[in-house]
Amino acid sequence: MPLAPCREPPAAYHGPMRLVDSHCHVNADRFEGDADQVLGAARLAGVERILVPGWNVASSGRALDLVARFDWLDAAVGVHPHDAAKVDEAGWARIVDWASDDRVVAIGETGLDYDRVFSPIPDQLINLRRNLALALATGKPAILHCRSAAGKRDAQDALLDELTKVGVGGPEWAAAFPERPPVVIHSFSGPVDYAEAVLELGAVISFSGLVFRAGEESSAEVAALAPIDRFLTETDSPFLAPPGAPRGRNEPQWVRITAAWLAERQQTDPERLGDALVRSYEVTFPRPQAADPR
Ligand SMILES: [Zn+2]
């Protein structure tokens, strides 16, 4: 019996989807031996831009080394909540110095982690505040990590409180970020009303493979909450491999799995979603004119 013709061609017939990875630690040790191959595979999968965030002084420096080698990558410098208690004044001074580099398009990652608490919470709060102050001073968005223990939302509530206290969403931040989001909620995790509140402050929400994990079901609802220009996609490589990717080490090429999920949630086709993702990335992380070789 002949096969029935497909009513619609699969998405792949339209060509590869345009993709961005707004958060990829290709500056991590686990990519030391094969970053070139990993980035080549990402390119073949359609990934056009990758943001490489630091999490402490050394990794922020390595993010800058990478953007010097690959002109389609962008760097962020900052201190992760896990490292909040480990960065001394001299280290912080280097981050501040690097923050004004043209190749640095954002500050982070920073934020709050009340799940693992690798640094005491008071240190995390001090660290978050100074990273936010640096974002405001440089006009480069803060990349925010926020995790609570399973079933809790205390970190999300504390983050929202801090953002409101420093004036995100108010006139000072609006003046420093006239045409782009002041903060990126990286690897979104949390309840729907928290998402609504950060969107209200002007944040862009970035989804990772975390959306597929048990306990993160609210992400599916959040992904349909707002127009696509309020969302980004990321891998958080080498962490958070989505289903369908090799489990050992996540890589930027697998951002296509999360992007396909987002297209479905937004009820749009992958091609249109890809165009929108690239545009959102460019709006959120613009490069200074002088640094653009084209
Ligand atoms: Zn990260």
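### Observations concerning the sheet that holds strand β8 (residues 231-233)
What the eight strands build is an open sheet, ordered β1-β2-β3-β4-β5-β6-β7-β8; its pairing is parallel. Whereas interior strands pair on both sides, the edge strands pair on one side only; in this sheet they are β1 (19-21) and β8. When strand polarity is set aside, the average angle formed by the axes of neighbouring strands in this sheet is 25 degrees. For strand β3 (residues 73-77) and strand β4 (residues 104-113), the ladder comprises three bridges, and the chain directions are parallel. Within β4, the residue paired with Ala76 across the bridge is Ala106. This element, helix α4 (residues 121-138), spans β4, β5 (142-147) and β6 (183-185) of the sheet and lies at about 160 degrees to β4. Contacting β1, β2 (47-53), β3, β6, β7 (204-207) and β8, helix α10 (residues 270-284) runs over the sheet at an angle of about 105 degrees to β8.

### Considerations on the packing of helix α9 (residues 255-265) against α10
Where α9 meets α10, the axes come as close as 9 Å, and the angle between the chain directions of the two elements is 110 degrees. In terms of their interaxial angle, α9 and α10 are classed as roughly perpendicular. Along the contact surface, α9 presents Ala259, Leu262 and Ala263, while α10 presents Pro270, Leu273 and Leu277. Per-class residue counts for the contact of α9 with α10 are six nonpolar, no polar and no charged.

### Notes on helix α5 (residues 154-166)
Think of an α-helix as turning once every 3.6 residues; residues three or four places apart then point the same way. With 13 residues, α5 extends 18 Å between its outermost C-alpha atoms, agreeing within 8% with the 18 Å of an ideal straight helix rising 1.5 Å per residue. All buried positions along α5 are accounted for by Ala155, Gln156, Ala158, Leu159, Leu160, Glu162 and Leu163. Turning to α5, the residues buried within the fold contact β4, α4, β5, β6 and α7 (192-200). In the stretch just after α5, Gly167 is the one whose phi turns positive, near 100 degrees.

### Considering the environment of Arg43
With respect to the element layout, Arg43 can be found in helix α1 (residues 35-45). Considered as a pair, Arg43 and Val87 are 44 residues apart in the sequence and their alpha carbons are 34 Å apart. At a separation of 3.5 Å, a polar atom in the side chain of Arg43 contacts the main-chain carbonyl oxygen of Val47.

### Description of the coordination of the zinc ion
Taken together, His23 (NE2), His25 (NE2), Glu109 (OE) and Asp236 (OD) make up the protein donors of the zinc ion, found 2.0 to 2.6 Å from the metal. Between the four donor atoms coordinating the zinc ion, the angles at the centre fall across 88 to 176 degrees, so the site counts as irregular. One chain supplies every donor for the zinc ion, spaced along it as H-x1-H-x83-E-x126-D. One end of the pair, Glu109, is in strand β4; the other, Asp236, is in the loop between β8 and α9, and 127 residues separate them in sequence. Using a relative accessible area of 8% as the deciding quantity, one classes Asp236 as buried.

Criteria and cut-off values
Residues numbered from 1 in each chain as written. Predicted model: local features only at pLDDT ≥ 70, side-chain atom pairs only at ≥ 80, totals over all residues. Heavy atoms only, no water. Pairing = 2+ DSSP bridges. Helix = DSSP H or I, 4+ residues; strand = E, 2+ residues; numbered from the N terminus. Axes fitted to C-alpha atoms, helices over the stretch in contact; angles between N-to-C directions. Contact = heavy atoms within 4.5 Å. Parallel < 35°, antiparallel > 145°, perpendicular 65-115°, else oblique. Nonpolar A, V, L, I, M, F, W, Y, C, P; charged D, E, K, R; others polar. Expected span 1.5 Å × (residues − 1). Buried < 20%, exposed > 50% of the residue type's maximum accessible area, 1.4 Å probe, protein only. Polar contact = N/O pair within 3.5 Å; in protein donor to acceptor, adjacent residues only side chain to side chain. Donors = N, O, S within 2.8 Å, 3.2 Å for Na, K, Ca; no water. Tetrahedral: all angles 85-135°; square planar, octahedral: opposite > 155°, others 65-115°.

Geometric descriptors of this kind do not, in isolation, establish any biological role.
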